[in-house]
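# Descriptive analysis of the structure
Each chain is listed here by its residues.
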Amino acid sequence: MYNKKAQMMDRDEIKEKQEEKMMKMVRYAYNNVPMYKKKFKEENITPDDINSLKDVHKIPFTVKDDLREHYPYGILAVPREDVVRFHASSGTTGTPTVVGYTRNDMETWSDLMARCYSAAGADPGDIVQNAYGYGLFTGGLGFHQGAETLGASVLPTSTGNTKKQITMLNDFQTSVLASTPSYALYLSEAAKKHGYDPLEDFNLDVGMFGAEPWSEEARESIEESMGLRAHDVYGMSELYGPGVAIECPEQNGLHIWSDEFLVETIDPETGEVLPEGEKGELVFTMLSREAMPLLRYRTKDIATVEYGECECGRSHPRIMRVTGRSDDMLIVGGVNVFPSQVEAALLETEGIGEYFQIIVDRDVLDKLSIRVEVDKEYYGSDEYDEEDLLERAHENLQAILNIKSDVELLEPGELPRTVGKAKKVVDLREED
Ligand code: DLL
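Here is what the cut-offs are and how they apply
- Residues numbered from 1 in each chain as written.
- Predicted model: local features only at pLDDT ≥ 70, side-chain atom pairs only at ≥ 80, totals over all residues.
- Heavy atoms only, no water.
- Pairing = 2+ DSSP bridges.
- Helix = DSSP H or I, 4+ residues; strand = E, 2+ residues; numbered from the N terminus.
- Core = buried A, V, L, I, M, F, W, Y, C linked by side-chain atoms within 4.5 Å.
- Buried < 20%, exposed > 50% of the residue type's maximum accessible area, 1.4 Å probe, protein only.
- Contact = heavy atoms within 4.5 Å.
- Domains from an automatic or database assignment.
- Buried area = accessible area lost by both parts, 1.4 Å probe.
- Salt bridge = Lys/Arg side-chain N within 4 Å of Asp/Glu carboxyl O.
- Polar contact = N/O pair within 3.5 Å; in protein donor to acceptor, adjacent residues only side chain to side chain.
- Arc of directions from axis to C-beta.
- Phe/Tyr/Trp six-rings, centres within 6.5 Å; stacked < 30°, edge-to-face > 60°.
- Lys NZ or Arg CZ within 6 Å of the ring centre and 35° of its normal.
- Patch = residues over 30% accessible without salt bridge, like charges linked within 9 Å, V, L, I, M, F, W, Y side chains within 5 Å.
- Areas by Shrake-Rupley, 256 points an atom, 1.4 Å probe, with all protein chains shown as cover.
- Lys, Arg positive; Asp, Glu negative; His and termini not counted.
- Charge placed at Lys NZ, Arg CZ, Asp CG, Glu CD.
- Expected span 1.5 Å × (residues − 1).
- Near = heavy atom within 4 Å.
- Axes fitted to C-alpha atoms, helices over the stretch in contact; angles between N-to-C directions.
- Parallel < 35°, antiparallel > 145°, perpendicular 65-115°, else oblique.

## A look at the sheet that holds strand 15 (residues 324–325)
Spatial ordering of the open sheet is given by 10-11-12-15, a layout of four strands whose pairing is antiparallel. In this open sheet, the two strands that pair with only one neighbour each are strand 10 (261–266) and strand 15. Looking at chain direction, strand 10 and strand 11 (residues 280–286) are connected through six bridges and run antiparallel. The partner of E264 across the bridge, within strand 11, is V283.

This is the structure:
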């Protein structure tokens, strides 16, 4: 097992490491990043007030806008010359978020990624096809370095060129596929279209899928069609990139590498720290980032963190799937709607496929329409009954969302497939 010591650390050891590193990091950030000195002053505290893990809640939050305000080099804690890599994420609005890494940061990140591969069941010698985008996005290079650190053979295919990806899955007998879950679904459909039977022709064993929310149903579908075990992997560019948390073979929550990331869950409205096990916004403190320390970074991702023991023997706490983002919430005619609720209602409707799109528009009032593909098998069967399917979809949506919505059934394959993160919501009201 790669870096078994770190993967299998027990709870006391984790706590000890966290406390030691956290206190050092607070001082480091305070002394080297003017933004942190200012934030501490505003709260009337100094690093001397932070003496144990229990004091973490005294530290002010950091938010994405802090990074944007200091674009591009503003919150570096080291001279720019010591930065060996920059990444950036564009987000949906405005200035990109830039993140920098020192050589030590690159080493830490690669180690975390190699741990992820190993926890998901990949070994040195595996053939890793890396279909995450290479470039400013952290997915491509993050998975690349991690595979090299593990000692695997990497195929840096990046996104797109689907036909070539499929040929390579076959010719190279790829054993580990890394991509967004939407692209993995698309690859499985495309493979069949090109005359391959993934279960017969490919040699896939492990999938490492993340960068966007996905469901248990999507997991089942990818696993069954591609003949692999699909692992959820979580991260964000501000926290190095991918590699913050990974599912072990139990596939029951994503272990956070908590000797490097201190996690808290807060109420997204009030900022109040929630008791262990309650659902809320994830907040992370990076415990050894050199180039760009982040204290209590608010991710806007909503999830539950489970601290109980895992069957796999790892003591690192688990994120029980990221179900959505606090800023994903749509307000339609005054009613709060989360895309994950729409997905849940659709998944409950037998005969509905995996691809959908939510469209919000405004005539006089707000209007919610859902365009969804019919399940391929059901669509082709004699039992297909459009009216009945529409009625059941409406019922389930109404029950979960509490508002009326239009549903449009589409043929399988009608919605656009993406190579990166899927765009599931189109809000036309913004264009008014
Ligand atoms: O998406 C890093 C990454 C690359 C993670 C490859 C996993 C695999 P960003 O582009 O900065 O970084 O986007 C980060 O994506 O705050 C979540 O909202 C979402 N996200 C990432 N992983 C998951 C996941 C990369 N497993 C944002 N489940 C995060 C749900 C995820 N959402």
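## Things to note about the nonpolar core
Ranked by size, the top nonpolar core spans 66 residues in total, and within it Y117, M208, Y234, F284 and I319 carry the most contacts. In terms of residues, this core owes the most to one element, helix 5 (residues 103–119), which gives eight residues. Not counting the four nearest positions on each side in its chain, I319 is found in contact with Y234, A245, G253, L254, I256, L282, F284, A303 and T304.

## Topic: the domain arrangement of the protein
When its domains are assigned, the protein resolves into domain 1 (1–326) and domain 2 (330–431). Measuring from the centre of the C-alpha atoms in domain 1 to the corresponding centre in domain 2 gives 30 Å. Residue-level contacts link 17 residues of domain 1 with 13 residues of domain 2. Roughly 1300 Å² is buried in total at the junction of domain 1 and domain 2, and carbon and sulfur atoms are behind 56% of that figure. Across the salt bridge formed by R417 and E189, the nearest N and O atoms sit 3.2 Å from each other. The interface formed by domain 1 and domain 2 contains five residue pairs in polar contact (both at pLDDT 80 or more).

## Quick look at helix 10 (residues 216–226)
Three or more residues of helix 10 are buried, namely A218, R219, S221, I222, S225 and M226. All buried residues of helix 10 project into a common sector of 165° when viewed along the axis, lining one side. The first or second residue beyond helix 10 is G227, which carries a positive phi of 70°.

## Regarding the packing of aromatic side chains
In total, this model carries 14 aromatic pairs according to the counting rule given. Ring geometry for Y101 versus W109: centroids 5.0 Å apart, planes at 15°, classification stacked. Of the aromatic side chains, those joined through ring pairs into one cluster are Y101, W109, Y234, Y240, F261 and F284. Positioned above the aromatic ring of Y101 is the side chain of R289, whose terminal nitrogen or guanidinium carbon lies 4.8 Å from the ring centre. Just above the ring of F61 sits the side chain of R298; from NZ or CZ to the centre is 5.4 Å.

## Some thoughts on a negative patch on the surface
Together, E217, E220, E224, E348, E350, E354, D375 and E377 line one region of the surface with negative charge. Tallying contributions element by element places helix 10 first for the negative patch, with three residues.

## Re the pattern of salt bridges
In the structure shown here, the tally under the stated rule is 24 salt bridges. Ionic pairing is found between R115 and D259, a salt bridge with its closest N-O pair at 3.0 Å. Pair noted here: R115 is in helix 5 and D259 is in the loop between strand 9 (254–256) and strand 10, with a separation of 144 residues, a long-range link. Each member of the pair, R115 together with D259, is buried. The residue E216 makes a salt bridge to R321 at a minimum N-O spacing of 3.2 Å. Taken together, the residues E216 in helix 10 and R321 in the loop between strand 14 (318–319) and strand 15 connect sequence positions 105 residues apart. Since its relative accessible area comes to 14%, R321 is described here as buried.

## Notes on unusual backbone geometry
Looking along the chain, the bond that leaves Y71 and enters P72 is cis, with omega of -10°. Here P72 lies in the loop between helix 4 (64–69) and strand 1 (85–89). Of note, the phi angle at Q173 is positive, near 50°, even though the residue is not glycine. Here Q173 is to be found in the loop between helix 7 (162–171) and strand 5 (176–179). For Q173, a relative accessible area of 30% corresponds to the partly exposed category. Backbone geometry places Y240, a non-glycine residue, at a positive phi of 75°.

## Quick look at helix 8 (residues 181–193)
One turn of an α-helix holds 3.6 residues; hence residues three or four places apart share an orientation. With 13 residues, helix 8 should reach 18 Å at 1.5 Å per residue; the first-to-last C-alpha distance of 19 Å fits that figure. What helix 8 keeps buried is the set P181, S182, Y183, A184, L185, L187, S188, A190 and A191. Along its buried surface, helix 8 packs onto helix 7, strand 5, helix 9 (198–201), strand 6 (206–210), helix 10 and strand 18 (352–362). Remark: G195 follows helix 8 within two positions and exhibits a positive phi of approximately 90°.

## Observations concerning the site of the ligand
Around the ligand sit 21 residues, and of these D232, V233, S237, D301 and K421 come closest. In the environment of the ligand, an oxygen atom lies 2.6 Å from a nitrogen or oxygen atom belonging to the side chain of D301. Within the side chain of R325, a nitrogen or oxygen atom sits 3.1 Å from an oxygen atom of the ligand. Per element, the largest residue contribution to the shell around the ligand is five residues, and it comes from strand 7 (residues 229–236).

## A closer look at the packing of helix 5 against helix 6 (residues 138–150)
For the pair helix 5 and helix 6, the least separation of the axes is 7 Å and the interaxial angle reads 75°. Classed by the angle they form, the pair helix 5 and helix 6 counts as roughly perpendicular. Of the residues in helix 6, those in contact with M106, W109, S110, M113, A114, Y117 and S118 of helix 5 are T138, G142, F143, Q145, G146, A147, T149 and L150.

## Let's talk about the sheet that holds strand 13 (residues 305–306)
Pairing in this open sheet of nine strands is mixed, and the strands run 4-3-5-6-7-8-9-14-13 from one edge to the other. Each edge of the open sheet is held by one strand with a lone partner, namely strand 4 (153–155) and strand 13. Bridge count between strand 6 and strand 7: five bridges; the pairing is parallel. Directly across from V206, in strand 7, lies its bridge partner R229.

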